[in-house]
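Examining the three-dimensional arrangement
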Protein chains: 2
Amino acid sequence: MERRRFLNAAGTGLAAGGAMVAAPLVRSAYAQSNPEIKWRLTSSFPKSLDTIYGAAPYFAERVAAMTDGKFQIQVFAAAEIVPGLQALDATQNGTVEMCHTASYYYVGKDPTFTFGTALPFGLNTRQQMAWFYHGGGNELMREFYDTYNVVHFVAGQTGAQMGGWFRNEIKTPEDLNGLKMRIGGFAGKVIAKLGAVPQQIAGGDIYPALEKGTIDATEWVGPYDDEKLGFFKVAKNYYYPGWWEGSGQLMVMVNKGKWAELPPAYQAVVQAAAAEANNWMMGKYDAQNPQALKRLAAQGVQFKPFPKDVLLACQKAALELYDETSASTPTFKKVYDAYKVFQADQDLWFKFSENTFDNFVFYNQPKT
Amino acid sequence: MERRRFLNAAGTGLAAGGAMVAAPLVRSAYAQSNPEIKWRLTSSFPKSLDTIYGAAPYFAERVAAMTDGKFQIQVFAAAEIVPGLQALDATQNGTVEMCHTASYYYVGKDPTFTFGTALPFGLNTRQQMAWFYHGGGNELMREFYDTYNVVHFVAGQTGAQMGGWFRNEIKTPEDLNGLKMRIGGFAGKVIAKLGAVPQQIAGGDIYPALEKGTIDATEWVGPYDDEKLGFFKVAKNYYYPGWWEGSGQLMVMVNKGKWAELPPAYQAVVQAAAAEANNWMMGKYDAQNPQALKRLAAQGVQFKPFPKDVLLACQKAALELYDETSASTPTFKKVYDAYKVFQADQDLWFKFSENTFDNFVFYNQPKT
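Read on for an overview of the structure. Nothing here was measured: the structure is a model prediction, and the numbers come from that model. (Residues numbered from 1 in each chain as written. Chains lettered and ligands numbered in written order. Predicted model: local features only at pLDDT ≥ 70, side-chain atom pairs only at ≥ 80, totals over all residues. Heavy atoms only, no water.)

Quick word on the overall build of chain A
The condition is simple: Comment: elements are numbered from the N terminus, with helices defined as DSSP H or I runs of at least four residues and strands as E runs of at least two. Residue burial is assigned from relative accessible area. The probe radius is 1.4 Å, only protein chains are included, and a residue is buried under 20% of its type maximum, exposed over 50%, and partly exposed in between. In this description, contact between two residues means that some pair of their heavy atoms is separated by no more than 4.5 Å. The Shrake-Rupley method, run with a 1.4 Å probe, gives the accessible areas here. Residue values count only the displayed protein chains as cover. Asp and Glu are treated as the negative residues and Lys and Arg as the positive ones, with His and the ends of the chain left uncounted. Just so you know, the charge point we use is NZ for Lys, CZ for Arg, CG for Asp and CD for Glu.
A count of helices and strands for chain A gives 14 helices and 11 strands. Overall size of chain A, expressed as C-alpha extent along the three principal axes, is 90 × 50 × 45 Å. Put simply, chain A has 368 residues, and 61% of those count as buried. Contacts in chain A between residues at least 24 apart in sequence constitute 77% of all its contacts with a sequence separation of at least 6. Surface exposure of chain A reaches about 13000 Å², of which carbon and sulfur atoms provide 52%. Taken together, the 35 basic and 35 acidic charged side chains of chain A have centroids lying 5 Å from each other.

Structure representation (structure tokens):
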């Protein structure tokens, strides 16, 4: 109605033809709120890991779908632009607009980064999500990441990880003494207290290190990824649980300046696509791990729970580390003080329905 | 550039003024891909339950944010348009465009509806999400819901629920005989096998029934909601776990015809907002339940685990029911045959890292 009136007012008298001529005009004004934007995202992961890497292209696909293809995010695997462990740096300095990464890769800059992925003996996956969405975690971490010039969104979960691959058995806490182990994030400092020598190595580089004997043990994620990385070929003892990662939270991080330039609707779309990527990745690992577990068992892998003495010794070392780190690092203390109160409440509650449901159902399966 | 050329071609020669006159034209054409749409959503829940009800306004808010306010969804509480347990019917027949509900409220129409919320002794929350997103659950249920003229999206989780409020203690399976209990969904048929008399009552109507003695017991969700509903005032025994709901999955359901009319970008936005609402609700329950648990304890509530004999008797009844229902109802059999294979694999896998992590961390908390 309005459009017809304008066309008539302009004296062109176009009927059908008017729509065609008007198209460029429309596209230009449409761009005010739905601009065509092309961004680059650098992932910390290699393309071969279709779940942890795959969350980023899935995220990009969802952003495009919600914006009629106007907002395009091109995804680059680790090392295509920068190495996997420099994804944050590249985002912080504007080399790329955004990254998909694990916050705890950057604990070398500040131990507070660990809370964005997992705290050893900390929250499990559900609890970590609750902490971010409703427990104050998002706000505390936003304030922290702000000092690194990025805005974060939860965008992926591995679930509780396996404890990893060991050439030799771990029977007592003393067996960790002198052990050279690839281990992600802050957990390295925990096992160092027990005499182990932790290494931070990106996913694609671990196998050769284990094969050559540069390291004695490694952890990555769980059966589905670990099978692809081939660790079972050189270390047969597969321990659980990965006490350092009851939650393996991934994030997209966006350069602050670039974030501020986005129209509000695109900002909302990024947040929503991150939530979708989170659930996509978590569900994909959960759905794929059981089959990989069975294939690994068929390859002669020995599944072993960490002895309780080992868990208790590692937990004691972890709690000491948190107190020491709180004393030395105010950013860490601020988050940890809130986190540990939240965790105590969560664990109290989860002991009721969640854990009793799981313990009954998992161990009383009907014979099939 | 294109726009300027058109304006010149049209012979108006407008510079600044052109933009003003062009505005109506722009709005009209913009509407081709970003139309202004107003929908109505009916919730199965009362406004007082700010988490299970609240997921719907949160969902609507996110849809609006992603569409620059063009796609507005007005949310109505239970009974404002139709009663809480008729949300599906109102969506199916087009009274409203969509609803937010629990699929298992409709097991009276077909027992297959139970898989959209929870199967007693079935998947836990994480596993239910994995089943929907990557285990074939979404596809199976889409095919089923299609026969009810709706399209579904996972949009909320209560987590594993509590077992509910009982005037008298449940010490043996025989104590369920003759018990009049409000219980959601398919679980009613399970406890009926043990002699109980199940009732399907919407959230807002339960308290008066329990107070008057029309029912002897009730379950709803968990501490946060149950405290609001006041059950502790008339029944002090609070049992766990809610073996019938290891997952309490909520959904938005959309009338198929209305769904088909949405532009693809709006369809993508609905899907993403549903994922956000899912995580919002799950996190909100998890974050709020611990404090409510403590307040209930301070009110003298007696927390009691169901005796193992009771759980085993109920599980036996449940498995018999599934076999009988499979024999009588092909839609149920089709989903259950796939679901039980998926569950066996999930439970196998979750016994490794997830469950051992939880069992260690929950029961070895440092003293605070």
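So, the nonpolar core
Let me state the cut-off plainly: Among buried residues, those of type Ala, Val, Leu, Ile, Met, Phe, Trp, Tyr and Cys that are joined through side-chain atoms within 4.5 Å constitute a nonpolar core.
By size, the foremost hydrophobic cluster in this structure holds 240 residues, and its most contacted members are Phe-59 and Trp-131 of chain A together with Phe-59 and Trp-131 of chain B. If sequence neighbours within four positions are ignored, Trp-131 of chain A has contacts with Phe-115, Leu-123, Gly-136, Gly-137, Asn-138, Leu-140, Met-141, Val-335, Tyr-339 and Phe-342 of chain A.

Some thoughts on the interface of chain A and chain B
What counts here: Buried area, as used here, totals the accessible surface that two parts lose on assembly, with accessibility defined by a 1.4 Å probe and the loss added over both. The rule for a salt bridge is simple: a side-chain nitrogen of Lys or Arg has to be within 4 Å of a carboxyl oxygen of Asp or Glu. Polar contact is defined as a pair of N or O atoms within 3.5 Å, subject to the rule that within protein one atom must be able to donate a hydrogen and the other to accept it, and that residues adjacent in sequence are counted only when both atoms are side-chain atoms. Note that Gly is not counted as nonpolar here; it falls among the polar residues with everything else outside the nonpolar set of Ala, Val, Leu, Ile, Met, Phe, Trp, Tyr, Cys and Pro and the charged set of Asp, Glu, Lys and Arg.
Taken together, the contact between chain A and chain B spans 93 residues of the former and 93 residues of the latter. Buried area between chain A and chain B, both sides added, is near 8500 Å², and the carbon and sulfur share of it is 66%. Close ionic contact of Arg-126 of chain A with Asp-286 of chain B constitutes a salt bridge, the shortest N to O distance being 2.7 Å. At the surface where chain A touches chain B, the tally comes to 32 residue pairs in polar contact (both at pLDDT 80 or more). Its residues placed into classes, the side of chain A that touches chain B shows 50 nonpolar, 28 polar and 15 charged.

Examining the relation of the copies chain A and chain B
Short version of the rule: When the copies are superposed, the least-squares fit takes in the C-alpha atoms of residues with a pLDDT of at least 70 in both.
In the superposition of chain A on chain B (RMSD 0.0 Å, axial shift 0.0 Å), the rotation amounts to 180°. Seen this way, the second copy is the image of the first under a two-fold rotation axis. When the interface residues of chain A are mapped onto chain B, 100% of them again fall at the interface, so both copies present the same face.

Brief notes about the packing of aromatic side chains
Quick note on the threshold: Centre distance within 6.5 Å is the pairing criterion for rings of Phe, Tyr and Trp, where only the six-membered ring of Trp is used; planes under 30 degrees apart are then read as stacked, over 60 as edge-to-face, and the remainder as tilted. Placement of a charge over a ring requires the Lys NZ or Arg CZ to be within 6 Å of the ring centre, with the centre-to-atom vector within 35 degrees of the ring normal.
Under the criterion given, the structure shown has 76 aromatic pairs over all chains. When the centroid spacing of 5.7 Å and the interplanar angle of 50° are considered together, the rings of Phe-121 of chain A and Phe-360 of chain B count as tilted. Of the two residues, Phe-121 of chain A is situated in the loop between strand S3 (98-101) and helix H5 (125-134) and Phe-360 of chain B in helix H14 (residues 353-363); the pairing between them involves two chains. Look at Phe-360 of chain B and you get buried, because its relative accessible area is 6%. Ring centres 5.1 Å apart and planes at 45° place the aromatic pair Phe-153 of chain B and Trp-259 of chain B in the tilted group. Here Phe-153 of chain B is found in strand S4 (residues 150-157), whereas its partner Trp-259 of chain B is found in helix H10 (residues 256-261), with 106 residues between them in sequence. A residue is classified by how much of its surface remains accessible, and Phe-153 of chain B, at 8% relative accessible area, is buried. Through pairs of rings, three or more aromatic residues link up here, namely Phe-45, Tyr-104, Tyr-105, Tyr-106, Phe-113, Phe-144, Tyr-145, Tyr-148 and Trp-220 of chain A. One cation-aromatic arrangement involves Arg-142 of chain A over Phe-153 of chain A; the distance from NZ or CZ to the ring centre is 4.9 Å. The ring centre of Phe-76 of chain B lies 5.6 Å from the NZ or CZ of Arg-40 of chain B, which sits over that ring.

Some words on the sheet that holds strand S2 (residues 71-76) of chain B
All names here are of chain B. Note the following rule: The pairing criterion for strands is at least two bridges between them, as found by DSSP. Here an angle of 0 to 180 degrees is reported between the N-to-C directions of two axes, which are lines fitted to C-alpha atoms, with helices fitted over the stretch in contact.
Read across the sheet, five strands follow the order S2-S1-S3-S10-S4 without closing on themselves; strand pairing throughout is mixed. The two strands at the open ends of the sheet, each matched to only one other strand, are S2 and S4. In this sheet, adjacent strand axes meet at a mean angle of 25° when their direction is disregarded. Sheet topology places strand S1 (residues 37-43) next to strand S3 (residues 98-101); three bridges connect them, and they run parallel. When the sheet's bridge partners are listed, Ser-43 is paired in S3 with His-100. Running at roughly 30° to S4, helix H11 (residues 264-298) makes contact with S1, S2, S4 and strand S10 (249-255) of the sheet.

So, the pairing of strand S9 (residues 237-240) of chain B
Residues and elements named next belong to chain B. Burial along S9 is two-sided: the residues Asn-237 and Tyr-239 and Tyr-238 and Tyr-240 are all buried. As paired strands, strand S5 (residues 164-166) and S9 are joined by three bridges and run antiparallel to one another. Bridging from a neighbouring strand, Phe-166 pairs with Asn-237 of S9. The sheet contact formed by S9 and strand S11 (residues 302-305) spans four bridges and is parallel. Following the sheet pairing, Tyr-239 is matched in S11 by Lys-304.

Some words on the pattern of salt bridges
Residue and element names in this part refer to chain A. Enumeration over the complete set of coordinates arrives at 39 salt bridges over all chains. Linking Lys-334 and Glu-143 is a salt bridge whose minimum nitrogen-to-oxygen distance equals 2.6 Å. Of this pair, Lys-334 sits in helix H13 (residues 330-350) while Glu-143 sits in helix H6 (residues 137-146), placing them 191 residues apart in sequence. Classification of Lys-334 as partly exposed rests on a relative accessible area of 44%.

A few points about the packing of helix H14 (residues 353-363) of chain A against H14 of chain B
The condition that has to hold: Roughly parallel means an angle under 35 degrees; roughly antiparallel, over 145; roughly perpendicular, 65 to 115; everything else is oblique. Definitions for this section: a left-handed crossing has its near helix turned counterclockwise from the far helix by less than a right angle. A right-handed crossing has that turn clockwise.
Where H14 of chain A meets H14 of chain B, the closest approach of the two axes is 11 Å, and the angle between their N-to-C directions is 140°. Considering the angle they form, H14 of chain A stands oblique to H14 of chain B. H14 of chain A and H14 of chain B meet at a crossing whose hand is left-handed. Side by side, H14 of chain A and H14 of chain B meet where Asn-355, Asp-358, Asn-359, Phe-362 and Tyr-363 of chain A of the first sit next to Asn-355, Asp-358, Asn-359, Phe-362 and Tyr-363 of chain B of the second. Per-class residue counts for the contact of H14 of chain A with H14 of chain B are four nonpolar, four polar and two charged.

Considering the pairing of S3 of chain B
A regular strand places its side chains on the two faces of the sheet in alternate fashion. Residue and element names in this part refer to chain B. Of the two faces of S3, the one carrying Met-98 and His-100 and the one carrying Cys-99 and Thr-101 are both buried. Here four bridges tie S3 to S10, and the two strands are oriented antiparallel to one another. Along S10, the bridge assignment pairs Cys-99 with Met-253.

Observations regarding the sheet that holds S9 of chain B
Backbone-to-backbone hydrogen bonds pair the strands of a sheet. The strands run either parallel or antiparallel. Residues and elements named next belong to chain B. With mixed pairing, six strands are arranged side by side in an open sheet as S7-S6-S8-S5-S9-S11. Only two strands of the sheet have a single partner each, and these edge strands are strand S7 (197-199) and S11. One ladder, built from three bridges, connects strand S6 (residues 180-182) with S7; its direction is parallel. Among the inter-strand pairings, Arg-182 is bridged to a residue of S7, identified as Gln-199.

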